[in-house]
Amino acid sequence: AQSVSQHNHHVILSEAASLELGCNYSYGGTVNLFWYVQYPGQHLQLLLKYFSGDPLVKGIKGFEAEFIKSKFSFNLRKPSVQWSDTAEYFCAIDRGSTLGRLYFGRGTQLTVWP
Amino acid sequence: EAGVAQSPRYKIIEKRQSVAFWCNPISGHATLYWYQQILGQGPKLLIQFQNNGVVDDSQLPKDRFSAERLKGVDSTLKIQPAKLEDSAVYLCASNPIRGPYGYTFGSGTRLTVV
């Protein structure tokens, strides 16, 4: 079975602080990796995704993530957060097949104080 | 392009009652998914359709949950009878192909069972 772990359940930062949210997965095969964001009252939106190639992936709104295969990790980063980044962030994997089933972590609530 | 539409947005029912949720995917999207998101957890796949056929319903509690996708377009998810532990947000997502590449989520239906 595959699982996705997000160890930070709630992160509180001040504006302009740097952000790193951890994501680890347990699956030995090929995976596709995703970060989704859910703003209050809104639907899940894709921040970025990794399928292959350069392990450093850049997404929308200044977010990036690095896939480290040896560590089964896909951590999300942003050098300087804004109040508008307050949201819940979900890491997810797909097994690299064509089934399209996503396995999600439990999410990290990010609160940014102005 | 219009997003994935879901209704109702909120529903409160008593345990042992029945409830139904509706999803209208993005036009032309062949694959449709229903996820359950319990508070404090990430979304978990309940059922996946490819056109109007079921691809994966291994996580659907079939003694009380049922889903159908008529004519390969709209879908309904039903719970009968509901239990307290069914309180969750039910998310619908659609995808143009069989794979995670174009996932779009709806805003979800928040179900409270009292």
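Residues numbered from 1 in each chain as written. Chains lettered and ligands numbered in written order. Predicted model: local features only at pLDDT ≥ 70, side-chain atom pairs only at ≥ 80, totals over all residues. Heavy atoms only, no water.

Residues and elements named next belong to chain B. Judged by pairing direction, the sheet is antiparallel, and its four strands sit side by side in the order 1-3-8-7 without closing on themselves. Looking at which strands have only one partner, the edges of the open sheet turn out to be strand 1 (5-7) and strand 7 (65-69). Neighbour-to-neighbour, the strand axes of the sheet open up by a mean angle of 15°, direction not taken into account. As paired elements, strand 3 (residues 19-24) and strand 8 (residues 75-79) share five bridges and run antiparallel to each other. Within strand 8, the residue paired with Val19 across the bridge is Ile79. (Pairing = 2+ DSSP bridges. Helix = DSSP H or I, 4+ residues; strand = E, 2+ residues; numbered from the N terminus. Axes fitted to C-alpha atoms, helices over the stretch in contact; angles between N-to-C directions.)

Residue and element names in this part refer to chain A. Along the polypeptide, Asn75 turns up in strand 9 (residues 73-78). A polar contact is formed between the side chain of Asn75 and the side chain of Glu20, at a distance of 3.2 Å. A polar contact of 2.9 Å, which involves the side chain of Asn75, links it to the backbone nitrogen of Cys23. Dropping the residues within four chain positions of it, Asn75 is found in contact with Glu20, Leu21, Gly22, Cys23, Trp35, Glu64, Ala65 and Glu66. (Polar contact = N/O pair within 3.5 Å; in protein donor to acceptor, adjacent residues only side chain to side chain. Contact = heavy atoms within 4.5 Å.)

So, about the pattern of salt bridges. Residues and elements named next belong to chain A. Following the criterion strictly, the structure yields seven salt bridges over all chains and no others. Among the salt bridges present, the one from Glu64 reaches Arg77, with a minimum N-O distance of 3.5 Å. Linking Glu64 in strand 8 (residues 64-68) with Arg77 in strand 9, this pair joins segments that are 13 residues apart in sequence. Among the salt bridges present, the one from Arg77 reaches Glu66, with a minimum N-O distance of 3.3 Å. Note that Arg77 is positioned in strand 9 and Glu66 in strand 8, a separation of 11 residues in sequence. On the basis of relative accessibility, which here comes to 23%, the residue Arg77 falls in the partly exposed class. Salt bridges sharing partners connect three or more residues here, namely Lys58, Glu64, Glu66 and Arg77. (Salt bridge = Lys/Arg side-chain N within 4 Å of Asp/Glu carboxyl O. Buried < 20%, exposed > 50% of the residue type's maximum accessible area, 1.4 Å probe, protein only.)

Take the state of the cysteines next. Under the counting rule described, the total for this entry stands at two disulfides over all chains. For A:Cys23, the disulfide goes to A:Cys91, at an S-S distance of 1.9 Å. Where A:Cys23 bonds to A:Cys91 through sulfur, the torsion about that S-S bond is close to -65°, and the disulfide is left-handed. One end of the pair, A:Cys23, is in the loop between strand 3 (19-21) and strand 4 (24-26); the other, A:Cys91, is in strand 10 (residues 87-94), with 68 residues separating them in the sequence. For the pair shown, A:Cys23 and A:Cys91 are each scored as buried. Here B:Cys23 connects covalently by a disulfide to B:Cys92, the sulfurs 1.9 Å from one another. Its S-S torsion of about -70° marks the bond between B:Cys23 and B:Cys92 as left-handed, since a negative value means left-handed. A residue pair is termed long-range when its members are at least 10 positions apart, and B:Cys23 in strand 3 and B:Cys92 in strand 9 (residues 88-95) qualify at 69 residues. (Disulfide = S-S within 2.5 Å.)

The next subject is the interface of chain B and chain A. How large an interface is tends to be reported as the accessible area lost when its parts come together. Chain B puts 23 residues into the contact, and the matching count from chain A is 20 residues. Here chain B meets chain A over a buried area of about 1700 Å², counting both sides, of which 53% is carbon and sulfur. Counting every contact that joins chain B to chain A gives one salt bridge. Its salt-bridge partner being B:Asp56, residue A:Arg101 comes within 3.2 Å of it at the nearest N-O pair. Counting the contacts that link chain B with chain A gives four residue pairs in polar contact (both at pLDDT 80 or more). For the side of chain B that touches chain A, the elements supplying multiple residues, two or more each, are strand 4 (31-37), strand 5 (44-50) and strand 6 (53-56) of chain B. Counting residues per element, the side of chain B that touches chain A draws most heavily on strand 4 of chain B, which supplies three residues. Taken together, the residues of the side of chain B that touches chain A break down into 10 nonpolar, 10 polar and three charged. (Buried area = accessible area lost by both parts, 1.4 Å probe. Nonpolar A, V, L, I, M, F, W, Y, C, P; charged D, E, K, R; others polar.)

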